[in-house]
Amino acid sequence: MKSYGIYELNYAICEFKHEISVAIVRRKFDAVIVGAGGAGMRAALQLSEAGLKVAVLSKVFPTRSHTVAAQGGIAAALGNVTEDNWHWHMYDTVKGSDYLGDQDAIEFMCRQASEVVYELEHYGMPFDRLENGKIYQRPFGGQSQNFGGAQATRSCAAADRTGHAMLHTLYQRNVQANTQFFVEWMALDLIRDEEGDVCGVTALDIETGEVMALQARATLFATGGGARIFSASTNAFINTGDGLAMSARAGVPLEDMEFWQFHPTGVYGVGVLISEAVRGEGGYLLNKDGERFMERYAPNAKDLASRDVVSRALTTELKEGRGCGRDADYLLLKLDHLGADVIKTRLPGIREIAIKFAHADPIHDPIPVVPTAHYMMGGIPTNFYGQVVAPYKTGPEEVVQGFYAVGECACVSVHGGNRLGTNSLLDILVFGRAAGNRMIEDLKKNRHHKHLPADASDKALARLSRLNDQKDGESVAQVGDLLRKTMQTHCGVFRFPDMLKQGVEKIGEVAERAMRTEIKDKSRVFNTARVEALELENLVEVAVATMVSAEARTESRGAHARDDFPNRDDDRWLKHTLYFREGQRLDYKPVRLKPLTVESFPPKARTY
Amino acid sequence: MRFSIYRFDPDKDEKPYMQDYDIALEPADRMLLDALVRIKTVDDSLSLRRSCREGVCGSDGMNINGRNGLACVTPVAGLKEPVELRPLPGLPVIRDLIVDMTQFFKQYHSVKPYLINNDPPPETERLQSPEERAQLDGLYECILCACCSTACPSFWWNPDKFVGPAGLLQAYRFLADSRDQATAERLDYLEDPYRLFRCHSIMNCVDVCPKDLNPTRAIGRIKDMMVKRTV
């Protein structure tokens, strides 16, 4: 579907690198949103329903965005099954983040959780139901009652297809609100003027090959994650960190890029996600001796400890030779004891995946699993209004005018060093809505478009022309493979000093090779080779930021586990990393330990 | 493994042709999509859509040895060689295996695929019993891959007038929702010689759906609702 509303056309003449004048079409909108996953579409809904002219760009048709693959649920302390309140949820999230999460943003999110979930239900979300007609909730890892007490039951679910149900519901509501989507458009670069304010993006219409400048008074990035930097990843092909790379190229720092979540249960050899909902419903992990090994690592929470804890446990089991199979390289997720009824009604999608990808019907057989790269806790630094913040003149958190980011591409930071399961769908609803509202406010004040700089699209055009003209270059597939293998080997679940050091060098070499990629396909029409080459450039930005940030952080916190510094070091490292692309410079900013209204949760030892 | 793949690039080709590929697969290449990604490392001009690679995003619908399906959940083992791959039938081809889905989504949008309830929403959730919610099973799981509609002869003939199995499945998803109040309006729209009644229960849609959904049954239920309201 392509929908073109009424727009103004302006033509800007750009000087091309080779002194060819190229006319670039310019379109004007109130707001441009890049990304049509849950975060982008939740924000778009606010703007469309307020009657603003918003363009939503997406590399894929909106319902193909990766929110669709989320399985287990949305965290909200509705208390439909066990007593619950948002303050307990806040505590769990702070603890889960290993105290790196910003407590003002976490309070903001947990307080609004119930409201955004009810709102989604009113939009038509097909949540599963309890006997009394209320939304079904299931237990998930890291959820507790009473600040670390008994297991809480907090994740609102639509079977094990919660993300699918949510993404379709949000799309449907946007159809009703007449949101204008630019389907199969890829944003190439952020446009900033001489004052550093953001005034839109340069983008490629994948179907026609045309490049355009989309001018906006407010630009929101909701481009999702980038776990495709790893070989073993639950992420979709499209998750290439485009928003992060565009921000980094435009001089915006990236925050906490060393923190990547490895999900404990990706299907062995394939990477496809097996939801934590399996363990929430009562499934558990076994090693080759049939031992329920999580009892040793997390005596209380066992299989429902935080994901970083469980992934380290699996990795340790494998390292110490207790893996299953001929090569002792996977563990087993057992759920047959739940019975066919529970599996068929609560976990039908998991059963389908296990049968198709692991040749195991979980009604009878356990699923072979390994820790698999899953989620990026870091991202574009924002405040809890979704405004992008960066150090400039007066402090570490100055607002970049006209620029917003939400969802996995952003770092608010509510997830800190480790995200709790089902907090990501909550994150995108709460901050998608908050950013939408903030943009509406800001648009009332900023009534006029800023002038587009004459060279607005030059860098993007230069990259495209370099790619088009490259001779005797590198293969995109080969360089991509090398990038993923380097990250997997040098920056995995456990991180070793010499491996990190070598990793920085190796990823630098990959980055250089990625500057020389060549594509054989020169067609203008739906050129996927071109898209993949551009995506590789974006992956490189994400990978370098990750490796450099990880090498520098000499402590273990959340998902960043250093072999040489096994403990958390709050004296030196209770701070956020800021990576600047230029010169690969690192800076740091304090964690916001002060919540909005309640008492702070001071850092303490984290056990499950 | 041998493949024969439909190729057409409007930027350089006058007409479509079939191209043969002989490719050595690795043990990890279990699904058809893995094989296509492998082919693309040799010939980067082969164009297709793909994203989640686990059968939930609906990007990689195509015609595989004469039958519509998703490449990412179709095991290569067991496919008859040469594996003949064509774009989904009945929609205009943009390039290679990529079709223009405008008409498909237009039909989907035509059924007002969103909940209509004009009562002011309550403070908390609208209540729905597990039995009422169960009515949505087998409907809401649709991934809009278009395998069904592009396997339907009625849709081939009248893509502009017949809503098609995917759109009708979603029409019924909202008709079946206890929270929706637009039943009459929805049925009025569908009471038309083409929109609904072009379905002749050929059941190709049921046969090809990669999510094992049953649009024919949903269409039958819409017809039942129409009969009931005239009595």
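Predicted model only: the values in this text are computed from it and were never measured. The written sequence of each chain sets the order in which its residues are numbered from 1. Chain letters and ligand numbers both follow the written order, the letters beginning at A and the numbers at 1. Selection of residues for local features in this predicted model requires a pLDDT of at least 70, selection of side-chain atom pairs for listing and counting requires 80 or more, and totals for whole chains, interfaces and linings are taken over all residues. In computing side-chain properties, one takes all heavy atoms of the structure into account and sets aside hydrogens as well as water.

Comments concerning the layout of surface pockets
All names here are of chain A. Put simply, the second largest pocket is a space of about 800 Å³. Only protein atoms enter the 1 Å grid used here. Points where a 1.4 Å probe fits but cannot escape make up a cavity, open sets with protein on both sides within 12 Å along at least five of seven lines make up a pocket, and a residue lines them when an atom lies within 4 Å of a point. Around the second largest pocket sit 26 residues that line it, and R249, A250, K459, R463 and R581 are the ones nearest its centre. Only DSSP runs of H or I covering at least 4 residues are called helices, and only runs of E covering at least 2 are called strands; the numbering of each starts at the N terminus. The set of elements that each furnish at least two residues to the lining of the second largest pocket consists of strand 8 (185–192), helix 12 (458–469), helix 14 (497–514) and helix 15 (528–552). Residues are grouped as follows: Ala, Val, Leu, Ile, Met, Phe, Trp, Tyr, Cys and Pro are nonpolar; Asp, Glu, Lys and Arg are charged; every other residue, Gly included, is polar. For the lining of the second largest pocket, the residue count by class is twelve nonpolar, three polar and eleven charged. Grid points are joined across faces, edges and corners, and a volume is the space filled by probe spheres set on the points.

Looking at the environment of A:R111
Residues and elements named next belong to chain A. Relative to the elements of secondary structure, R111 occurs in helix 3 (residues 103–122). Along the sequence, R111 and N85 sit 26 residues apart, while their C-alpha atoms lie 8.8 Å from each other. Any two residues whose heavy atoms approach within 4.5 Å at even a single point are treated as in contact. When residues no more than four places from it in sequence are discounted, the contact partners of R111 are W86 and T597. Pairing of N or O atoms within 3.5 Å defines a polar contact, subject to two protein rules: one partner must be a possible hydrogen donor and the other a possible acceptor, and residues neighboring in sequence count only if both atoms are side-chain atoms. Engagement of the side chain of R111 in a polar contact is seen with the side chain of E107, the distance being 2.7 Å.

Comments concerning the domain arrangement of chain B
How large an interface is tends to be reported as the accessible area lost when its parts come together. All names here are of chain B. The domain boundaries here were taken from an automatic or database domain assignment. We note that the domain assignment places domain 1 (2–99) and domain 2 (102–230) within chain B. Between domain 1 and domain 2, the C-alpha centre-to-centre distance is 29 Å. With 13 residues of domain 1 at the interface, the matching set in domain 2 holds 14 residues. A combined buried area of about 1,000 Å² lies between domain 1 and domain 2, and 62% of that area is made up of carbon and sulfur atoms. The term salt bridge refers to a side-chain nitrogen of Lys or Arg lying within 4 Å of a carboxyl oxygen of Asp or Glu. Scanning the region where domain 1 abuts domain 2 turns up one salt bridge. Between R67 and D207 there is a salt bridge, and its shortest N-O distance comes to 3.1 Å. Counting across the domain 1 and domain 2 interface gives four residue pairs in polar contact (both at pLDDT 80 or more). If you tally residues by element for the side of domain 1 that touches domain 2, the top one is strand 4 (residues 67–70), at four residues. A simple way to read buried area is as the amount of 1.4 Å-probe accessible surface that goes missing from two parts once joined, with both sides added.

Looking at the interface of chain A and chain B
On the chain B side, the residues contacting the 65 residues of chain A number 62 residues. Summed over both sides, the interface between chain A and chain B buries roughly 5,200 Å², with carbon and sulfur atoms accounting for 52% of that surface. Among the residues of chain A in contact with chain B, A:R64, A:H122 and A:F237 are the three that bury the most area, contributing 15% of the side total. Linking chain A with chain B are eight salt bridges, by the criterion used here. Linking A:R161 and B:E141 is a salt bridge whose minimum nitrogen-to-oxygen distance equals 3.7 Å. For the side of chain A that touches chain B, the elements supplying multiple residues, two or more each, are helix 3, helix 4 (162–176), helix 10 (348–358) and helix 15 of chain A.

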